[in-house]
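# Analysis of the macromolecular model
Residues per chain, in single letters:
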Amino acid sequence: MSIRVQSQPFDMGFEVQAFTDSVPGAGAVVTFSGLVRDEGGSLGAMEIEHYPGMTEKALQSICDEAIERWSLTDALIIHRHGKLSPGEQIMMVATAARHRSDAFEGAEFLMDFLKSRAPFWKKEFTGDGAEWVDAKQSDEEALERWGSET
Amino acid sequence: MSIRVQSQPFDMGFEVQAFTDSVPGAGAVVTFSGLVRDEGGSLGAMEIEHYPGMTEKALQSICDEAIERWSLTDALIIHRHGKLSPGEQIMMVATAARHRSDAFEGAEFLMDFLKSRAPFWKKEFTGDGAEWVDAKQSDEEALERWGSET
Amino acid sequence: MIDVRYFAWLRERIGERSEQIETNATTVADLIEELRTRSEAHALAFSDMASVRVALDQELTDMDAPLGNTREVAFFPPMTGG
Amino acid sequence: MIDVRYFAWLRERIGERSEQIETNATTVADLIEELRTRSEAHALAFSDMASVRVALDQELTDMDAPLGNTREVAFFPPMTGG
């Protein structure tokens, strides 16, 4: 398992290949990556604040839970903070499992928890100024299907 | 949209990066890759037969349906045929969408259809000889959730 | 004349990748009846129809489908892609 | 002494990343009552509690949680990671 919280960009292609090469017993690898949408050109930049220390603990705990619950061969989370431009990769997760349904569900679970339970906050910069991104009710609801206490 | 059916290996890292770079308006990219499991060392090789002509049509049609149904920004399917060794990548799909749930569902839909509706047949070679892989009832059931006619 | 193609273990059991068939069959099921009489290998290949799928001109269909102007019929086991 | 940290718009409204607080509060809710009296900025930051989350020693919890031996309390809006 690997957790990385960093301000530098990461190389998605390299990370996916390295993760895939490291799980020879697995039959299925799922990855998700989140990009800064350009919003039709209106978004100038995004800044991501986080809570150093707590962030790493929260990601570790989410990852542990996913690996146990879906018997994952392995899991990876990379999440950036700081200033990002449209089109840049914000984060990625990868999961490996024997069967595809476990790899898919593990990745969706990681994403649902990252969205609403990992201490990151996004701020968007447009021509009109800067604004903190509101949490979405739909993200909160997405969590409910996993029936967890977290 | 891109469909490739080929005997040569593909470079997963390169493909994921190229796909991601090509969808600047998207906020979410999901990939799935299927690997030949080593089955604890018992599997010597896998051979994949396909139906040239029909394969490409089937993948195109599945891809079209996924793009329309989940408003995907783009989708990609690469599937190999011929002889493969344990650990090798058999295939991959990638989907891009504004929001993660569409990207995830589109990718799962593509996989469920590929498993049972695209004309590929796997044969496994072990120390005991060669055997065609049986279709799984669970794969057939996985299709039902999409409620499609295909 | 219709082009009949076989894949995976149907191909192996019948021992042919394809055959040109002169037929008056009007449905897939009729065609299979005819094919069964060609050899013991054919009869064996079509003995468990739960494990046989069919495509007409490269489109999946079912055993009741009319042949119409079909030029290529393919028989194969349930698919195992992905 | 307890270390109180603020993130995102709570940090901006209060104008501090963290403060050292001498308190006898026994729960998070009690602590918030005290913090509200420190300045108008604090009162404003804690005016809509539906939009405030809390972590004690870097673990998410709720407003009823006892402070116990907590050394670090953090207040922040609902998270927007991923």
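Scope of this entry: the structure provided in the associated data block. (Residues numbered from 1 in each chain as written. Chains lettered and ligands numbered in written order. Predicted model: local features only at pLDDT ≥ 70, side-chain atom pairs only at ≥ 80, totals over all residues. Heavy atoms only, no water.)

Of the residues lining the interface, 36 residues belong to chain A; the matching set on chain B comes to 36 residues. Interface of chain A and chain B: buried area, both sides summed, is about 2900 Å²; carbon and sulfur atoms make up 50% of it. When the area that chain A buries against chain B is broken down by residue, the three leading residues are Arg37, Arg100 and Phe104 of chain A, summing to 24%. Between Asp139 of chain B and Arg100 of chain A there is a salt bridge, and its shortest N-O distance comes to 2.8 Å. Counting across the chain A and chain B interface gives 17 residue pairs in polar contact (both at pLDDT 80 or more). If you list the elements that add at least two residues to the side of chain A that touches chain B, you get α1 (12-21), β2 (28-35), α3 (100-117) and α4 (137-144) of chain A. Grouping the constituent residues of the side of chain A that touches chain B by class yields 15 nonpolar, 10 polar and 11 charged. Here β2 of chain A runs beside strand β2 (residues 28-35) of chain B; their pairing, made up of seven bridges, is antiparallel. Each residue of the ladder has a partner; that of Ser33 of chain A, found in β2 of chain B, is Val29 of chain B. (Contact = heavy atoms within 4.5 Å. Buried area = accessible area lost by both parts, 1.4 Å probe. Salt bridge = Lys/Arg side-chain N within 4 Å of Asp/Glu carboxyl O. Polar contact = N/O pair within 3.5 Å; in protein donor to acceptor, adjacent residues only side chain to side chain. Helix = DSSP H or I, 4+ residues; strand = E, 2+ residues; numbered from the N terminus. Nonpolar A, V, L, I, M, F, W, Y, C, P; charged D, E, K, R; others polar. Pairing = 2+ DSSP bridges.)

All right, on to the relation of the copies chain A and chain B then. What connects the two chain copies is a rotation about an axis and a shift along it. Rotating chain A by 180 degrees and moving it 0.0 Å along the rotation axis overlays it on chain B with an RMSD of 0.0 Å. Each copy turns onto its partner about a two-fold axis. Across chain A, the smallest distance between a C-alpha and the rotation axis is recorded for Gly13 of chain A, namely 1.8 Å. The fraction of interface residues of chain A whose copies in chain B are also interface residues reaches 100%, indicating that both copies meet through the same surface. (Least-squares fit on C-alpha atoms with pLDDT ≥ 70 in both.)

For the structure on display, the rule yields 30 salt bridges over all chains. When the shortest N-O distance is used, the salt bridge between Glu12 of chain D and Lys123 of chain A registers 2.3 Å. With Glu12 of chain D in helix α1 (residues 8-14) and Lys123 of chain A in strand β7 (residues 120-126), this residue pair bridges two chains.

Taken residue by residue, the interface counts 20 residues in chain C and 25 residues in chain B. In total, about 1900 Å² of surface goes out of reach between chain C and chain B, with carbon and sulfur atoms giving 56% of it. If you sort the residues of chain C by the area they bury against chain B, Gln58, Thr80 and Gly82 of chain C come out on top, with a joint share of 38%. Across the contact surface, chain C and chain B share two salt bridges. Here Arg11 of chain C makes a salt bridge to Glu49 of chain B, at a shortest N to O gap of 2.4 Å. At the boundary of chain C with chain B, the tally comes to 14 residue pairs in polar contact (both at pLDDT 80 or more). Within the residue set of the side of chain C that touches chain B, elements represented by two or more residues are β1 (2-6), α1 (8-14) and β5 (72-76) of chain C. Per-element accounting of the side of chain C that touches chain B gives the leading share, four residues, to α1 of chain C. Looking at the side of chain C that touches chain B, its residues break down into 11 nonpolar, four polar and five charged.

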